[in-house]
Amino acid sequence: MRIGLGFDIHKLVKGKRLILGGIQIPYHSGLKGHSDGDVVFHSISDALAGALGIEDIGTRFPNTDKSIKGISSRLILESYFNSLRKMGGKIVNLDIVILTESPYIKPWYEMMKKNIAEVLKIDPSCIGIKAKTMEGLGEIGKKKAIACFASVLIENL
Ligand code: ZN
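Keep in mind that what you see is a predicted model, and the values were worked out from it rather than measured.

Visitor: It is not clear to me how a nonpolar patch on the surface should be interpreted in this structure. Could you clarify?
Guide: Together, L5, F7, I9 and F149 make up an exposed nonpolar region whose accessible area comes to about 390 Å². For the nonpolar patch, the leading source of residues is strand β1 (residues 2–14), giving three residues. Among the structural elements, L5 can be located in strand β1. Classification of L5 as exposed rests on a relative accessible area of 62%.

Visitor: For this particular structure, what's the right way to read the coordination of the zinc ion?
Guide: Ideal geometry at a metal centre: 109.5 degrees between donors when four sit tetrahedrally, and 90 or 180 degrees when six sit octahedrally. Coordination of the zinc ion by the protein involves D8 (OD), H10 (NE2) and H42 (ND1), with metal-donor separations of 2.0 Å. Site description for the zinc ion: donor spacing in sequence, D-x1-H-x31-H. Exposure class is identical for D8 and H10. Each is buried.

Visitor: Could you clarify how one ought to interpret the pairing of strand β7 (residues 145–155) in this entry?
Guide: Along any regular strand, the residues point their side chains to alternate faces of the sheet. Taken together, the 10 bridges between β1 and β7 define a ladder with antiparallel strand orientation. Note on β7: the bridge partner recorded for R2 is I154. Here strand β5 (residues 90–99) runs beside β7; their pairing, made up of nine bridges, is antiparallel. Its bridge partner being in β7, V97 is matched across the sheet by F149.

What counts, and at which threshold
Residue positions are counted from 1 within each chain, in the order its sequence is given. Residues qualify for local features only when their pLDDT is at least 70, as the model is predicted, and side-chain atom pairs are given and counted only at 80 or more; totals for whole chains, interfaces and linings, by contrast, use all residues. To obtain the side-chain values, all non-hydrogen atoms of the structure were included, while hydrogens and water were left out. Residues with no salt bridge and a relative accessible area higher than 30% make up the patches, which join like charges within 9 Å and nonpolar side chains (Val, Leu, Ile, Met, Phe, Trp, Tyr) within 5 Å. Using the Shrake-Rupley algorithm and a 1.4 Å probe, accessible areas are obtained, with residue cover drawn only from the displayed protein chains. Only one rule defines a salt bridge in this text: a Lys or Arg side-chain nitrogen within 4 Å of an Asp or Glu carboxyl oxygen. Comment: elements are numbered from the N terminus, with helices defined as DSSP H or I runs of at least four residues and strands as E runs of at least two. To sort residues, take the accessible area from a 1.4 Å probe on protein chains only and compare it with the maximum for the residue type: under 20% means buried, over 50% means exposed, and anything in between is partly exposed. Listed donors are limited to N, O and S atoms within 2.8 Å of the metal, widened to 3.2 Å for Na, K and Ca; water is not among them, so incomplete-looking sites are possible. The pairing criterion is simple: DSSP has to find at least two bridges between the two strands.

Scope: geometric values only; no functional claims are made or implied.
Below is the structure:
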C-alpha cells in the first residue's frame, strides 16, 4: 500500500465560474488559474502523483504551456488515473478537506463524490469530503482564495 498527499490553492476572482470537484457551484466569484482552477481535482491529482512517485501536476501540465490554457481539470485527473492504471494500482480510499469561507458547499458533497468516483472508477463510498472555514483568519478567511488537501491510499502497485 502507498499513501499520497496533495495540496492546492487558487485565488478567488469576481466574474469567473466556480468549479469544485468538477461541479459548477453558483457563486459571484471563481478560481483563477491556468486551467479551470479546480483545487479539488488538482489536489487529488497531486495526491495520486505523490503516491505513485511520479511528476506533479505543475510538471506534467506547466502553466507556461499555452496549448492547455483553460483546460478542464477533469482531463488532468484522468491523466493521473491513467498513470495509476498503467502502474497497476487501485484506490482504496480518498479523503478531501476543502478550506473555504464561502460559499457553503455541503449541499454539493454528494454530487462531487459522484463526479470524482466516476473519473477514478471507484465507489462514492470510498470518498470522504469535508469543508472547513478558516474562522475569518488569513486570506482564505477573507474569501480571497479556496484551498484543498487530499490524501489517497492505493494498493497493488
Ligand atoms: Zn491548481
